[in-house]
Amino acid sequence: MNARLLPYVLILPVTVFLCIFFLYPFVLVAQQAFGSDTGWSLDNFRDVVSHWKFSISLWNTLLLAAVVVPVQLALSLLMATMVSKMKRGRDLVLYVWTIPLGISDLAAGIIWLAIFEQSGFLNSMMHGLGFIDAPMNFISYQNMTMVFIAIALAEIWRATAIMLVILVAGIGLIPKEYYEAAEVFGASPWKRFLKITLPLLRPSLQTALVLRVILAFEVFAVVAALGGTLFPVLMGETYSYQFDLSNSGAAAAIALIILAISIASTLVILRALRVPKGATI
Amino acid sequence: MAEIQIKNVAKTFGAYQALHDINLTIADQEFMVLLGASGCGKTTLLRIIAGLETATTGEVWIGGRRVDHLAPKDRGIAMVFQNYAVFPHLTVFENIGFGLRMAKMPNAEVTRRVERVASLMHIEQLLKRYSGELSGGQRQRVAVARALAMEPDVILMDEPLSNLDALLRLEMRAELKGVLAESKTTAIYVTHDQVEAMSLADRISVMHQGKIVQAASPIEVYRNPAAHFVASFIGNPPMNFLRAEPAGSGKWKVAGETVDGPVSAATPLQLAIRPEDMRLADDGLKARVKLVEPLGAHLLVTCDVDGTMIRAVLDSDLTVKVGDVLTLAPQPDRVRWFDPQSTLAVA
Amino acid sequence: MTAATDAPQIDARRSGRWLYIASVVLLCAWVLVPLYFLFINTLSSPETVNSFPKGFVPEFDFGSLRFFAGFQGMIDALYNSVLVAVLTMIMSILIGAPAGYALSRFDFRGKELFRMLILLTRAFPLPLLALPLAVLFIRVGLDDTVFGLALVHTTLAIPFAVLITFSLFSGIPIELEEAAWTLGCTRLGAFTKVVLPLILPGITASAIFAFVISWNEVFAAAVLTIENRTLPAFLLQSLAESPLHLKFAGGFILVVPALIFIFAVRKYLFAMWGIANR
């Protein structure tokens, strides 16, 4: 076969596939969101935004991301630096720490339900230690803070691994000589982390944050499993518009809003962590 | 019979012209070395002959057959790669026999041939091993054996020794020369190492900026460089160049001295002389010593001759100090002349 | 240096070391203990699961799992999940690997644009695609089918498949292929005889990754299927009414393959992401 054509033949399947199942659906989503009986309109958006649950679910989603992502960033950075120094048992520790990577958000929600439900392990533990006599109902209207904490913990537990993997891979790409040079010039371990690891890790941090933040806006099943309808989030609203209310126009409108937030935050992250040209490893 | 003809081959990568109109004929069973600095186009030319790269224009003929439209496998060539390219998932035996199996040779014949080349390359005891268990030198031997097992018309080698350490390189060089002479195949060998080129080649093609500057026997390339580039590239240390002003009827002024030279030219030329072709004499160029490097076998002296730095290789018994003024006489039959405009040699 | 100034330094270093080990152990526990709780609940009888207080040792009673297996529609859902995941795995590798190969081996016009398209998919909340596709699938008769869902899951998995196989192919020196060409192989022959054997473990790893992506996906599965629910979709749908022991057993079934798979691909996890960064 002609060597000039071969690469195009090879990428053709992916391109066609993504056009049909990625680009085209986005056109359709936009059509659904802006469409109405009378042609183009913002009716769907007006409906969705004016609903009393919208601002709550938007606030919940953003708050959850704002709490969870920084904690995960710090935690994964800590774990990645710890692993990079490890000699014995590195593989085992890494395996354990990356286990949540394979666990779905639904399963993670169920796992933390086992801890926070009324007859769950947190109550059992507190009872065993004599703090309480009767089990407390953590997940209820009376205890919204606890609901939030449970959901945030489940999210942190589940999705730190993805950032960890990206950061560990990124740290692996930084040549050891830089650290040795910095040490020779008298930089303390903390300084080395600040002056070498962090700046050289910027591309990985970009990837990790973009991916994580987008996933944070998609939070859905963890919340559904743990909080049910107590803690409305955007993705859950999309689901219930589509399903319980059979209003796909409204569902599409929220989908576009989630998309807009995702794109905006991606741009912010890329901008904040941009690497000057030529300053790559 | 495998004469190789390269006719008007040129290659461009985007806006970059890697090869300019190359014409070269390599005789059957000849050992041709393509020599040049990195980026001169020698590897590109080899890969075009192999069929791993397509020439932008021009033709490649092997054994009287035009091959530039053929896939590598149909050209009757075998190749040894710089990083050996020994297949890691196959044993040494299967590596050497890989091409034979592709050619659907019967098992017995594969075994016979593999064993023959393995003993030729002294790797019989390694046949069951995998590439990960071999040293660099052993991998190199496997790569050569794999090429030889094909009994190809042409064997192409891309810097095959450059990844070996110095001592091993010397040993493999001698061995390669013997094995290839015996196999009676045409060989094209790419290297940037002039010593390797001199020791192996029947003929050397010196390449520079995508052109072949000179294609001749090693001694010819050394003694009679066709261009300034060849003279400055071959030889360690390279040739010395001194400015020469015409003084009429074959006489030339060099650093205040009068020297016999070409009658044909009337513009300034360059006189070129190898460092080892200068003797201490009563009459000659006045050279102020700037640096003395005792190299054991001889003495390498860097001197200033009328503002130009030159080097001379002298007897190691001499006592020479920095600041001394030597009188150096170029051996007349070894003096060469170059035109600074065209950079070519002048007869 | 004298002994007097040495001692506190050694002390500080020793306590630092203990702090380090303690945090490693603590972080391991942070991951493992919740999993252990799920494990206890799964291997306890339904009565124990719903009782209080709980023991911290499993009683190895299979009542909950039996209840799970006997629950109406659950086994079908499990079967659908496996089917969708396997289809996703096959499609994403078959479609994605050629592109990964092209990216690693060729320089071609539009390569950067193509890479952008691939990376773009990762910057979008992909499960949302399920919404318009639900309508589209009804039109073409793919609604509520395993294959239709597998198509959406393949869209999720393909960017990973392309980037992972790209990094895998880039790890195989082109000279190995070229050597095979000069030894009598066609392009395809060199690929099957040399590249494929070397890359098979990595391909398996990325296939498993695709499997896990599909196995875990909830939103699109819930939106696109009604009768032919996958396990996550089924669990999600019945969250409100299903008893605790059913949730935990279901969660356990969801987690187990993931644990095994992450173990199987652990060697490739980091290599995969190292390249995907750039």
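No experiment lies behind these values; they were computed from the predicted model shown.

Draft legend 1. Molecular detail of the interface of chain C and chain A. Residue-level contacts link 86 residues of chain C with 88 residues of chain A. Interface area for chain C against chain A, summed over the two sides, is near 7,900 Å², with a carbon-plus-sulfur share of 83%. Where chain C meets chain A, there are 0 salt bridges. There are 6 residue pairs in polar contact (both at pLDDT 80 or more) connecting chain C and chain A. Top element by residues in the side of chain C that touches chain A is helix α12 (residues 244-276) of chain C. It accounts for 15 residues. Of the residues contributing to the side of chain C that touches chain A, the split by class is 64 nonpolar, 14 polar and 8 charged.

Draft legend 2. Spotlight on the pattern of salt bridges. Residue and element names in this part refer to chain B. Taken as a whole, this structure holds 23 salt bridges over all chains when the rule is applied. A salt bridge links Arg101 to Glu94, with the shortest nitrogen-to-oxygen separation between them at 3.0 Å. Of the charged contacts in the structure, one is a salt bridge between Arg113 and Glu151, with a shortest N-O distance of 3.7 Å. Here the residue Arg113 occupies a position in helix α3 (residues 107-120), and Glu151 occupies one in the loop between α4 (136-149) and β7 (154-158), the gap between them amounting to 38 residues. For Glu151, a relative accessible area of 40% translates into the label partly exposed. A network of salt bridges, in which partner residues are shared, links Glu109, Arg112, Arg113, Arg116 and Glu151.

Draft legend 3. Structural view of the packing of aromatic side chains. One pass over the full model with this rule turns up 27 aromatic pairs over all chains. Between Trp190 of chain A and Phe193 of chain A, the ring centres sit 5.8 Å apart and the planes meet at 25°, which makes this aromatic pair stacked. Taken together, the positions of Trp190 of chain A and Phe193 of chain A, both in helix α9 (residues 189-200) and 3 residues apart, correspond to about one turn of that helix. Accessibility expressed as a relative area gives 57% for Trp190 of chain A, which makes it exposed. For Phe193 of chain A, a relative accessible area of 15% gives the class buried. A ring pair is formed by Phe87 of chain B and Phe98 of chain B, whose centres lie 4.7 Å apart and whose planes are at 50°; its orientation type is tilted. Of this pair, Phe87 of chain B sits in the loop between β6 (77-80) and α2 (92-102) while Phe98 of chain B is found in helix α2, placing the two residues 11 residues apart along the sequence. Here Phe87 of chain B and Phe98 of chain B have matching classes, each one buried. Members of the aromatic cluster, joined through ring pairs, are Trp112, Phe116 and Trp157 of chain A together with Trp30 of chain C. The ring of Phe87 of chain B has Arg146 of chain B lying over it, and the distance from NZ or CZ to the ring centre is 4.7 Å. A cation over an aromatic ring shows up here: Arg274 of chain B above the ring of Tyr222 of chain B, its NZ or CZ 3.8 Å from the ring centre.

Draft legend 4. Looking closely at the sheet that holds strand β5 (residues 65-66) of chain B. The 4 strands lie next to each other as β2-β1-β4-β5 (chain B), forming an open sheet whose pairing is antiparallel. Here the strands that pair on one side only, and so sit at the sheet edges, are β2 (16-26) and β5 of chain B.

Draft legend 5. Here's a closer look at the side chain of Arg158 of chain A. Residues and elements named next belong to chain A. Residue position: Arg158 is located in helix α7 (residues 144-172). Within polar-contact distance, the side chain of Arg158 engages the side chain of Glu155 at 3.2 Å. Excluding its chain neighbours within four sequence positions, the residues that come into contact with Arg158 are Pro100, Leu101, Ile103, Ser104, Asp105, Ala108, Arg212 and Val222.

Draft legend 6. How the structure looks around the interface of chain B and chain C. Each partner contributes to the interface: chain B provides 18 residues, whereas chain C provides 15 residues. On inspection of chain B and its partner chain C, the count reaches 1 salt bridge. Residues Arg47 of chain B and Glu178 of chain C are paired through a salt bridge, measuring 2.6 Å at the closest nitrogen-oxygen approach. Across the contact surface, chain B and chain C share 3 residue pairs in polar contact (both at pLDDT 80 or more). Secondary structure elements with two or more residues in the side of chain B that touches chain C: β6 and α2 of chain B. Counting residues per element, the side of chain B that touches chain C draws most heavily on α2 of chain B, which supplies 3 residues. For the side of chain B that touches chain C, a count of residues per class yields 12 nonpolar, 3 polar and 3 charged.

Thresholds, definitions, all that
- Residues numbered from 1 in each chain as written.
- Chains lettered and ligands numbered in written order.
- Predicted model: local features only at pLDDT ≥ 70, side-chain atom pairs only at ≥ 80, totals over all residues.
- Heavy atoms only, no water.
- Contact = heavy atoms within 4.5 Å.
- Buried area = accessible area lost by both parts, 1.4 Å probe.
- Salt bridge = Lys/Arg side-chain N within 4 Å of Asp/Glu carboxyl O.
- Polar contact = N/O pair within 3.5 Å; in protein donor to acceptor, adjacent residues only side chain to side chain.
- Helix = DSSP H or I, 4+ residues; strand = E, 2+ residues; numbered from the N terminus.
- Nonpolar A, V, L, I, M, F, W, Y, C, P; charged D, E, K, R; others polar.
- Buried < 20%, exposed > 50% of the residue type's maximum accessible area, 1.4 Å probe, protein only.
- Phe/Tyr/Trp six-rings, centres within 6.5 Å; stacked < 30°, edge-to-face > 60°.
- Lys NZ or Arg CZ within 6 Å of the ring centre and 35° of its normal.
- Pairing = 2+ DSSP bridges.

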